[in-house]
Amino acid sequence: MNSRAASFDDLDRKIVTALMANARTSFAEIGAAVGLSSTAVKRRVDRLRETGVITGFTATVRPSALGWRTEAYVEVYCEGAAPPRRLAEVVRNHPEIAAAMTVTGGADALLHVRARDVEHFEEVLERIRAEPFIRKTISVMVLSHLLPESPEAGATQAAPESASGEPFFTQ
């Protein structure tokens, strides 16, 4: 990623908005919508990628299709001041954690957890609680997504497999 400051104008904003709505939209289609040639759109997208404005392109998938049928947010409370770097190391060891962030308020961190079912979620929660600096957790189960098109409603990875290599879910 280039460290120089990137200029970001209204055309860039329109291009990014179009790509966020559908990353498979062609440069020609975006160009027609914003008043640029496809070559000019490509140059701008390349610059936006080089400067770190655009960090990648992904597919959004219905989580249940990948085996994630249970979802929760977990507030994590730590003993003392757990540095964000240490929290990041811990959450990377749990493939069920879809997102994690430090937060203001009483909790030290908030985890977005996806699991196959409630039993799997409980096992994940036990693993998280086993970390020596975790004092307590508070979980909130997701019942439904009020904005089903939001990134939080989609999944970016399949559910983990069992030790035998078989998926944990059946279709």
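Cut-offs applied
- Residues numbered from 1 in each chain as written.
- Predicted model: local features only at pLDDT ≥ 70, side-chain atom pairs only at ≥ 80, totals over all residues.
- Heavy atoms only, no water.
- pLDDT = per-residue confidence, 0-100.
- Contact = heavy atoms within 4.5 Å.
- Pairing = 2+ DSSP bridges.
- Helix = DSSP H or I, 4+ residues; strand = E, 2+ residues; numbered from the N terminus.
- Axes fitted to C-alpha atoms, helices over the stretch in contact; angles between N-to-C directions.
- Buried < 20%, exposed > 50% of the residue type's maximum accessible area, 1.4 Å probe, protein only.
- Arc of directions from axis to C-beta.
- Core = buried A, V, L, I, M, F, W, Y, C linked by side-chain atoms within 4.5 Å.
- Salt bridge = Lys/Arg side-chain N within 4 Å of Asp/Glu carboxyl O.

Draft legend 1. Inspection of the confidence of the model for the chain at higher detail. Here the chain averages 87 in pLDDT, while 87% of its residues score no lower than 70. Considering only residues more than four positions removed or in separate chains, one finds that residues 162-171, a stretch of pLDDT under 50, has 13 contacts.

Draft legend 2. Spotlight on the sheet that holds strand β2 (residues 97-102). Sheet architecture is open: four strands sit in the order β2-β3-β1-β4, paired in antiparallel fashion. Single-partner strands in this sheet number two, and they are β2 and β4 (134-141). Strand-to-strand twist in this sheet, taken as the mean axis angle between neighbours without regard to direction, amounts to 20 degrees. Note that strand β1 (residues 70-78) and β4 share seven bridges and pair antiparallel. Opposite Y73, over in β4, you have V140 as the bridge partner. Along the sheet face, helix α4 (residues 84-92) touches β1, β2 and β3 (109-115) and points at about 170 degrees away from the line of β2. Against the sheet, helix α5 (residues 118-129) engages β1, β2, β3 and β4, with an angle of about 155 degrees to β4.

Draft legend 3. Representation of helix α2 (residues 27-34) within the structure. What α2 keeps buried is the set I30, G31 and V34. Taken down its axis, α2 places every buried residue within 100 degrees of arc, on the same side. Exposed positions of α2 whose direction lies more than 90 degrees from the buried face are A32 and A33. Buried residues along α2 sit against α1 (10-21) and α3 (38-50). Phi turns positive one or two residues past the end of α2, at G35, with a value near 85 degrees.

Draft legend 4. Highlighting the nonpolar core. In terms of nonpolar packing, the biggest core is built from 19 residues, with V74, V76, C78, L111, V113, F121 and F133 touching the most fellow members. The set of elements that each furnish at least two residues to this core consists of β1, α4, β3 and α5. If we ignore the near neighbours within four places in the chain, the residues touching V113 are T70, E71, A72, V74, E96, I97, F121 and V124. With nine residues, the next largest nonpolar core counts V16, L19, I30 and L48 among its residues.

Draft legend 5. Geometry of the pattern of salt bridges. All told, the structure shown has 10 salt bridges when counted by the stated rule. Between R86 and E89 there is a salt bridge whose closest N-O contact spans 3.4 Å. Within this pair, R86 and its partner E89 are both found in helix α4, separated by three residues, close to a single helical turn. Residue classification places E89 among the partly exposed residues on the basis of a relative accessible area of 40%. With its nearest N and O atoms 2.4 Å apart, the salt bridge here joins E123 to R127. Taken as a pair, E123 and R127 lie in helix α5 at a separation of four residues, close to a single helical turn. Judged by its relative accessible area of 33%, E123 falls in the partly exposed class. A single network of salt bridges, built from pairs that share partners, joins D9, D12, R44 and R47.

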